[in-house]
Amino acid sequence: MDQIVLKNVTKRFTTKTLGTVTAVDNFNLNVREGECFSFLGPSGCGKTTTLRMIAGFEDLSEGEIYLGGAPVSIRSRNLYVPPEDRGLGMVFQAFAVWPHMNIFDNVAYPLKVKKVPAAEIRERVKKALKHCSLDGMEKVFPSDLSGGQQQRIALARAIVTSPKVMLLDEPLSNLDPKLRETMRFEIKKLQKEFNFTIIFVTHDQSEAMALSDRMLVMDMGVVKQIGTPTELYNNPTDKFVHSFLGQSNFTNVELSGGRVYLKGDRSVPLGMEAPKTGETEMLLATRPNTIEINREEGFRGTVVKRVFLTDFTEYIVALGDQTVRVQAPHRNMFRAGETCYLRFANPIWYSAKKDASDAERERRTLV
Amino acid sequence: MSMSFTRKNSDLARMDGKKFGLDQIMTVLCFLILTTVVILPVVMIIYNTFWDGTKIDLEMFGRVIFREENLTAMKNTVIIAVISTIFATIIGVFFAWLLGRSDIPMKGLMRWLFSIPFMIPPFLAAMAWDMMFSGRGGYVNRFLMSIFNLKSAPFNINTLAGIIVIEVVYYFPFVYMQVVSALERMDPTLEESARIAGAKQWYVIRTVTLPLTIPAISSGTLLVLITSLSNYGIPRMVGSSKNIFTLPTKIVDLVNRAGGDFQGIREATALSVVLVIVVSIALFVQRKLLKAGRYDIIKGKSMRPTLIKLRAAKYPLLIVSLVFLTLVVLAPLVIIVLVSLLRAYGLPFAWENFTLANYTKILVNNKAVTDSIQNSLFLGFSSGFVCLFLGVMLSYVIYKVKPKGSGILETLAVLPYSLPGTVMAIGCILAWSGAVFGITLYNSIWIIMVAYIARYLSYTLKSCSASLQQVHVSLEDASRACGATHMESLADVTLPLIKPAMISSFFMVFLPAMRELTTSVLLYGPNSRTLGVAIQNLRDNGYMTQAAALSVVAIIIIMVCNGVVKFITRDRKGV
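Computed from a predicted model, the values in this text were never measured in an experiment.

**As for the overall build of chain B**
Argument step 1. For chain B, the helix and strand inventory stands at 24 helices and zero strands.
Argument step 2. For 575 residues, the compact-globule formula gives about 25 Å, and the C-alpha radius of gyration of chain B, at 26 Å, lands near that figure.
Argument step 3. When its C-alpha atoms are laid out on the principal axes, chain B stretches across 95 × 75 × 50 Å.
Argument step 4. When contacts within chain B are restricted to residue pairs at least 6 apart in sequence, those whose partners lie at least 24 apart make up 77%.

**Focus: the overall build of chain A**
Argument step 1. Within chain A, the secondary structure is distributed over nine helices and 21 strands.
Argument step 2. Sorting the 367 residues of chain A into buried and exposed places 38% on the buried side.
Argument step 3. For chain A, contacts bridging at least 24 residues in sequence account for 66% of all contacts bridging at least 6.

**Regarding the interface of chain B and chain A**
Argument step 1. In this complex, chain B contributes 23 residues to the contact, which on the side of chain A involves 19 residues.
Argument step 2. Mapped onto the side of chain B that touches chain A, the elements with two or more residues apiece are α9 (188-196) and α10 (201-230) of chain B.
Argument step 3. Top element by residues in the side of chain B that touches chain A is α9 of chain B. It accounts for seven residues.
Argument step 4. Each residue belonging to the side of chain B that touches chain A can be placed in one class, and the counts come to 11 nonpolar, six polar and six charged.

**With respect to the domain arrangement of chain A**
Argument step 1. You can read the domains of chain A as domain 1 (2-242) and domain 2 (248-351).
Argument step 2. Computed from C-alpha atoms alone, the centre-to-centre distance between domain 1 of chain A and domain 2 of chain A is 41 Å.

**Looking at the domain arrangement of chain B**
Residue and element names in this part refer to chain B.
Argument step 1. Its domain assignment divides chain B into domain 1 (76-248 + 283-340) and domain 2 (361-575).
Argument step 2. Once you take the C-alpha centre of each, domain 1 and domain 2 turn out to be 26 Å apart.
Argument step 3. With 16 residues of domain 1 in contact, the opposing surface of domain 2 contributes 20 residues.
Argument step 4. For the side of domain 1 that touches domain 2, the elements supplying multiple residues, two or more each, are α6 (122-133), α10 and α14 (314-340).
Argument step 5. Looking at which element gives the most residues to the side of domain 1 that touches domain 2, the answer is α14, with four residues.
Argument step 6. A per-class count over the side of domain 1 that touches domain 2 returns 13 nonpolar, three polar and no charged.

**A look at unusual backbone geometry**
Residue and element names in this part refer to chain A.
Argument step 1. For A96, which is not a glycine, the phi torsion comes out positive at approximately 55°.
Argument step 2. Turning to its location among the elements, A96 is positioned in the loop between β7 (88-91) and α2 (103-113).
Argument step 3. Phi at M220 takes a positive value of approximately 50°, unusual for a residue other than glycine.
Argument step 4. Inspection of the secondary structure assignment puts M220 in the loop between β10 (214-219) and β11 (222-227).
Argument step 5. Classification of M220 by C-beta neighbours within 10 Å gives buried; the count is 24.

**Remarks on the sheet that holds strand β20 (residues 339-343) of chain A**
Residue and element names in this part refer to chain A.
Argument step 1. Strand order in the open sheet formed by five strands is β16-β20-β17-β18-β19, with antiparallel pairing between adjacent strands. Edge positions in the sheet fall to β16 (292-294) and β19 (322-328), since each of these pairs with one other strand and no more. Along the sheet, successive strands turn relative to each other by an average axial angle of 45°, direction set aside.
Argument step 2. Summarising the sheet, strand β17 (residues 299-308) and strand β18 (residues 313-319) pair through six bridges and their orientation is antiparallel.

**Concerning the sheet that holds strand β2 (residues 19-32) of chain A**
Residue and element names in this part refer to chain A.
Argument step 1. Taking strand neighbours across the sheet as the criterion, the five strands line up as β2-β1-β4-β5-β6 in an open arrangement whose pairing is antiparallel. Since the sheet does not close on itself, it has two edges, and those belong to β2 and β6 (79-80), each with one partner.
Argument step 2. Bridge count for strand β1 (residues 2-15) against strand β4 (residues 62-67) is five bridges, and the pairing is antiparallel. By the bridge assignment, V5 is partnered in β4 with Y66.

**Overview of the packing of helix α4 (residues 68-101) of chain B against helix α8 (residues 160-185) of chain B**
Residues and elements named next belong to chain B.
Argument step 1. As a packed pair, α4 and α8 sit with axes 5 Å apart at the nearest point and diverge in direction by 40°. It follows from the interaxial angle that α4 and α8 lie oblique. At the point where α4 passes α8, the crossing takes the right-handed sense.
Argument step 2. Residues belonging to the contact of α4 with α8 are distributed by class as follows: 23 nonpolar, five polar and three charged.

**Re the pairing of strand β13 (residues 259-262) of chain A**
All names here are of chain A.
Argument step 1. Of the two faces of β13, only the one carrying V260 and L262 is buried; R259 and Y261 on the other face are not.
Argument step 2. Relative to β13, strand β12 (residues 249-256) runs antiparallel, the two being bridged by four bridges. Counted as the bridge partner of S256 is R259 from β13.
Argument step 3. Pairing of β13 with strand β14 (residues 265-270) involves two bridges; the strand directions are antiparallel. Pairing of L262 across the sheet is with D265, part of β14.
Argument step 4. Here β13 hands over to β14 after two residues, with G264 in that stretch at a positive phi of 85°.

**As for α14 of chain B**
Because the α-helix completes a turn every 3.6 residues, residues three or four places apart line up on one side.
All names here are of chain B.
Argument step 1. For α14, spanning 27 residues, the distance from its first C-alpha to its last is 38 Å, which sits close to the expected 39 Å at 1.5 Å a residue.
Argument step 2. Within α14, the axis deviates most sharply at L330, by approximately 40°, and proline P332 lies no more than four positions further along.
Argument step 3. Restricting attention to buried positions, one finds in α14 the residues V328, V329, P332, I335, I336, V339 and S340.
Argument step 4. Contacts from the buried residues of α14 go to α5 (107-115), α6, α7 (139-148), α8, α15 (357-363) and α24 (544-569).

**Digging into the confidence of the model for chain A**
Argument step 1. On average, chain A scores 90 in pLDDT, and the residues at 70 or more come to 100%.
Argument step 2. Within chain A, helix α9 (residues 356-366) of chain A has the poorest average pLDDT of any element, 81, and strand β3 (residues 36-40) of chain A the best, 96.

**Things to note about α8 of chain B**
Residue and element names in this part refer to chain B.
Argument step 1. Between its first and last C-alpha, α8 extends 38 Å over 26 residues, near the 38 Å set by a 1.5 Å rise per residue.
Argument step 2. The largest bend in α8 is about 30°, located at Y171, with the proline P173 one to four residues further on.
Argument step 3. Most of α8 is tucked away: 20 of the 26 residues are buried.

**Remarks on the confidence of the model for chain B**
Residues and elements named next belong to chain B.
Argument step 1. Overall, the prediction assigns chain B a mean pLDDT of 85, with 92% of residues at 70 or greater.
Argument step 2. Counting interchain partners and residues more than four positions distant, the pLDDT-below-50 stretch residues 12-18 has seven contacts.
Argument step 3. For this predicted complex, the interface confidence reaches an ipTM of 0.78, while the overall pTM sits at 0.79.

**Thoughts on the pairing of strand β15 (residues 281-286) of chain A**
All names here are of chain A.
Argument step 1. Of the two faces of β15, only one is covered, namely that formed by M282, L284 and T286; the face formed by E281, L283 and A285 stays uncovered.
Argument step 2. Across six bridges, β12 lies against β15 in antiparallel orientation. Each residue of the ladder has a partner; that of E254, found in β15, is E281.
Argument step 3. Summarising the sheet, β15 and strand β21 (residues 348-351) pair through four bridges and their orientation is antiparallel. Looking across to β21, one finds that L283 is bridged to Y350.

**Concerning the environment of K566 of chain B**
All names here are of chain B.
Argument step 1. Considering the arrangement of structural elements, one finds K566 in helix α24.
Argument step 2. The class of K566 is exposed, set by 12 C-beta atoms lying within 10 Å.
Argument step 3. Linking K566 and S504, residues 62 residues apart in sequence, is a C-alpha distance of 8.8 Å.

**Re the environment of G542 of chain B**
Residue and element names in this part refer to chain B.
Argument step 1. On the secondary structure map, G542 appears in the loop between α23 (531-540) and α24.
Argument step 2. Residue G542 is classed as exposed on the basis of its C-beta count, with 10 C-beta atoms lying within 10 Å.
Argument step 3. Taking the C-alpha atoms as reference points, G542 and A270, separated by 272 residues in sequence, lie 32 Å from one another.

**Section: the environment of L394 of chain B**
All names here are of chain B.
Argument step 1. In this fold, L394 is placed in helix α16 (residues 367-401).
Argument step 2. Take L394: there are 28 C-beta atoms within 10 Å of it, and that puts it in the buried class.
Argument step 3. Taking C-alpha positions, L394 is 8.4 Å from S465, a pair spaced 71 residues apart along the chain.
Argument step 4. Leaving out residues up to four positions away in the same chain, L394 has contacts with C30, L409, A413 and L461.

How each quantity is defined
- Residues numbered from 1 in each chain as written.
- Chains lettered and ligands numbered in written order.
- Predicted model: local features only at pLDDT ≥ 70, side-chain atom pairs only at ≥ 80, totals over all residues.
- Helix = DSSP H or I, 4+ residues; strand = E, 2+ residues; numbered from the N terminus.
- Rg over C-alpha atoms; globule rule 2.2 N^0.38 Å.
- Contact = placed C-beta atoms within 7 Å.
- Buried ≥ 20, exposed ≤ 12 C-beta atoms within 10 Å, placed from the backbone.
- Nonpolar A, V, L, I, M, F, W, Y, C, P; charged D, E, K, R; others polar.
- Domains from an automatic or database assignment.
- Pairing = 2+ DSSP bridges.
- Axes fitted to C-alpha atoms, helices over the stretch in contact; angles between N-to-C directions.
- Parallel < 35°, antiparallel > 145°, perpendicular 65-115°, else oblique.
- Left-handed = near helix turned anticlockwise from the far one by under 90°.
- Expected span 1.5 Å × (residues − 1).
- Bend = angle between axes of the 7 residues up to and from the residue.
- pLDDT = per-residue confidence, 0-100.

Structure follows, in structure tokens:
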């Protein structure tokens, strides 16, 4: 069953400097029950706004949202269920743990609001604290705790009502890297035990890759691609997705007679088949770790710079007036200035024209 | 790092205190100035209260404080302060929530209305209320009597209750300011997580928003309580004519009646001691309360807080708020302007009664009045600059040099902030009438300046030190590493960074000094009347319309300066 459904959700803001901004543009999504789904994108891409619309903190400009099959926001019918009646769990980036309440009162709050009997509250808070490794700390105040412990309080507070849907708004960004990994693991563990559906908002690609069953990448309010982490990494259908997940080279090329040339230089073709798109200029996208560098065959280039990194050696190779980044094992290293040959595997092609997101980005930076 | 190295660099040696450098000179200067300006007046009050010239005298103190009229004044002071603080807090918190968290329309207009009381001195507000509601003569009373055919005046402002009403409407914006800024700084996700937990709006306000705002509310309450206890202008303008006295008005009354007689001044000092004790108790209680709840609610990514929808209550609340704010904020201004245009006080507001003659009378060939404007401008500029200079130096010494006893320095500098202006003035009279090294400043403009510097130093200190604490040590270190001397680092890095704070802190002194009455009313001489004193004198001598005209002039000067500050400090929030 689809636990969370978004249909044509659009959010527009009007600001003094930018005029009308479409923060979220025609967003469609079905998240299945028990799934861990990530929204990934740079800051300002609209991922948090979408999450806040699901939580009920923001109105919709257009569209519909359903939770567990029930409508919660329907713009056309002016239907709007307030956040407190949506039965969600939510964890925020800045923890949002109440400093005037001790741990017990923080975690017990959602139950107190629902007028659960005191004995049952004690029982359930104890269980939630145990799951979040906070047992025995009921009387402690949040200000005496570290960031990681505070985020555990927030987690305990979110799971104490056993919600069906858990919204996580960059919950790990305020923690140090080591702690982040532990918490990632703990969130997965909690999900297994309590079997809730997660929407996880983040700008950290490795976090999204590690946690999610499926994910989406957003930019400038537009969903670029939805899929499993491997699908998105291996087959990005959009150049933004390609550049946001992993490292990318984009090379400007010309197509002619089924062959591919560097832009502005038709003397030697790059050894690959041209895509049949009808366009004469395109972007060739490659990953630095899929390009093979050798001394015998392939497209001729010059090593500009060599950087010895821990797991591989990285070369900046000049191809005409463009450069590409190549990662290779530490064997048979090239020197700067040396001639080399490159062979490209799994090339991905994108249109060289600007798309709507590029135009919007330019508009926002110009203002 | 070991300190046993032989240091060749003379500059580093200076940092170890081995040589007498710039920092040490400034430290000594700070101690000297604060001792003269702050400690001396306070010591003189205590000394004169309990020393009659030959022996320790406790009898006079007892006799003065148990005199019936003085007991009544004490009782009045406390009643007025406590009741008006309670109501000012309730109204201030309500408006703060309304503007900070609800979706009420016309917030811009209301915020603007809230800024007005900060520009009008309390004695002017009280004078306006007196013109509206004073017995049968008050304009609003007369209007109501004629409309409803009443035999007697419906309101009487010249009562304890009247004073309380004026103080409530004058002081609630102070609470509002404190609380609304706390609400704006509060991380909205604190409230949002309560909503997600299933709590309704009102429950969230009760269990999360209000408890988290308590530190701000109590600091606003403290501010109002102390200002109200020490307020002179409001009880003087509406109470004194009906023999309703508070401690500050009683003290001034005693000094005036003494006419230079030392015994009379000693009685005033005894009451000053009582006033200081009352204020100290208030301070002590509030410190205790404030300590109980100190949380850091300023964190998280800044995001617009979700505004709470008032729905059906929206427009009724808007109308009530606008009517209330207009009445308490704009009506006093309007009445002063109208009265300033009348041919004679008491005439109805009709076109044929209006004239500009009052303005020519006070501004042309009226030396007493034009002198007072000059004096106030001089006092505003001079004490502003001196306080600015001292404030920068003090905050640098306290937060960057950090000598032994920097805590004492800070306490000394902010002490006059909680001392009532009346008490500070008496201290200055005692200290600068030849008692110390035979220096006599009494009856000259300089004694007022010394008193202003003592009173307003804490304003510049607070603003400059807040800004200075944000200038990280590494910034100055970086400049030293680039080869600049200590002096050059100060001039090229530190001072430019705190310049915005310096400019606004100058006006934080200039503006209150311009509209000051409490201190100058005790210190002015024949040639050193201030604007406030001139207005009060005109009114006391029955020139109501001219007093109103001069008030309008004062308000215009203050508003223009305020506009200048806003213009200079725009877009320059913090370093």
